[in-house]
Amino acid sequence: MGDDLDSLLRAARVWDPEVTELPPFDPETAPGDPLELFTGWFAEAVAAGEREPHTVSLATSGADGLPDVRIVMLHGADADGFSFATHSGSRKGTQLAARPYAALVLYWPLRGRQVRVRGPVTAAPPEEAAADLRVRSTGALAAALTGRQSRPLGSAGELAEASAAAWERAAREPDTRAPTWTLYRLRPDEVEFFQGDARRRHVRLVYRRTEDGGWEQGLLWP
């Protein structure tokens, strides 16, 4: 089994030229605000055909200091920060309550690009979470209404029963609220843009927030 895995790993290609284009990136032309560059890169990821460009890895740590990471959906990015949502009682919700600081990374392999973000996290007002949930799909509302995220599950049947009831309610009451559903915002202290290069001369441009709320830029060795 180990040999099979090793063979698969060695055969896997990084930035397959048949599907990946590694565009040049001159950091000297980067805008002064990382949000502007992020918006441009996100649009280019969509245009390149990335299947789920809004998927983002969210890293948190709890009161014990141990790290945790999972994939969530990016709900927005603006002057207030990068937004995502979850239940306040979930593992990530309780970790953020204990240590309200997190890191995000988005990876767009068709462009050989990563964006890494770190900063403090705050919960948006409940009405903003409700408004965010209202514009999403019936399935998203049903999942939020099912609740109990990260708690022990007795059986698949128990989940099926709770999910069916939640779907029925979501379809019947599309404006209903999920009390523990919380919209979080990460206000970045640091944003790094990584552009891959075929000769491994990767470009890493980092923005760091200054004391006056502006941004300073710098380069990192790949």
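In this numbering scheme, every chain counts its residues from 1 along its sequence in written order. Local features in this predicted model are restricted to residues whose pLDDT is 70 or higher, and side-chain atom pairs enter the listing and the counts only when it is 80 or higher, whereas totals over whole chains, interfaces and linings include all residues. With hydrogens and water excluded, all non-hydrogen atoms of the structure serve as input to the side-chain values.

## Some details on helix 3 (residues 91-98)
Note the threshold: Accessibility here uses a 1.4 Å probe with only protein chains present; expressed as a share of the type maximum, an area under 20% marks a residue as buried, one over 50% as exposed, and anything in between as partly exposed. In DSSP terms, a helix is any run of H or I states spanning at least four residues, a strand is any run of E spanning at least two, and both are numbered starting from the N terminus. Working definition: the arc comes from the directions between the helix axis and the C-beta atoms, pointing outward to the latter. Contact definition: two residues touch when any of their heavy atoms are within 4.5 Å.
Of the residues making up helix 3, those classed as buried are Lys92, Gly93, Gln95 and Leu96. With its buried residues spanning 165° around the axis, helix 3 presents them on a single face. Looking at the buried positions of helix 3, the neighbouring elements they touch are strand 1 (55-61), strand 2 (67-73), strand 4 (81-87), strand 5 (101-108), strand 6 (113-123) and strand 7 (181-186).

## Some thoughts on the packing of aromatic side chains
Inclusion rule: Stacked, tilted and edge-to-face are the three classes assigned to paired rings of Phe, Tyr and Trp, where Trp is represented by its six-membered ring and a pair needs centres within 6.5 Å; plane angles under 30 degrees give stacked, over 60 edge-to-face, the rest tilted.
Applying the stated criterion across every chain, the model contains nine aromatic pairs. Between Phe38 and Phe82 the ring centres are 5.1 Å apart and the planes differ by 75°, which places this aromatic pair in the edge-to-face class. Here Phe38 is found in helix 2 (residues 34-48), whereas its partner Phe82 is found in strand 4, with 44 residues between them in sequence. Given the relative accessible area of 5%, Phe82 is considered buried. Ring geometry for Phe84 versus Tyr184: centroids 5.7 Å apart, planes at 20°, classification stacked. Of this pair, Phe84 sits in strand 4 while Tyr184 sits in strand 7, and the two are 100 residues apart along the sequence. Residue classification places Phe84 among the buried positions, given a relative accessible area of 1%. Residue Tyr184 is classed as buried on the basis of its relative accessible area, which comes to 8%.

## Section: the pattern of salt bridges
Quick note on the threshold: By definition here, a salt bridge exists when the distance from a side-chain nitrogen of Lys or Arg to a carboxyl oxygen of Asp or Glu is within 4 Å.
Applying the stated rule across the entire model yields 15 salt bridges. The salt bridge involving Arg113 is made with Glu44; its shortest N-O contact spans 2.8 Å. Of this pair, Arg113 sits in strand 6 while Glu44 sits in helix 2, placing them 69 residues apart in sequence. A relative accessible area of 3% places Arg113 in the buried class. In this structure, the salt-bridge partner of Glu168 is Arg172, at a minimum N-O distance of 2.3 Å. Taken together, the positions of Glu168 and Arg172, both in helix 6 (residues 156-172) and four residues apart, correspond to about one turn of that helix. According to the relative accessible area criterion, Glu168 is partly exposed, its value standing at 44%. Through salt bridges with shared partners, a single network forms among Glu21, Glu44, Arg111 and Arg113.

So far we have only geometry, and geometry alone does not tell us how the molecule works.
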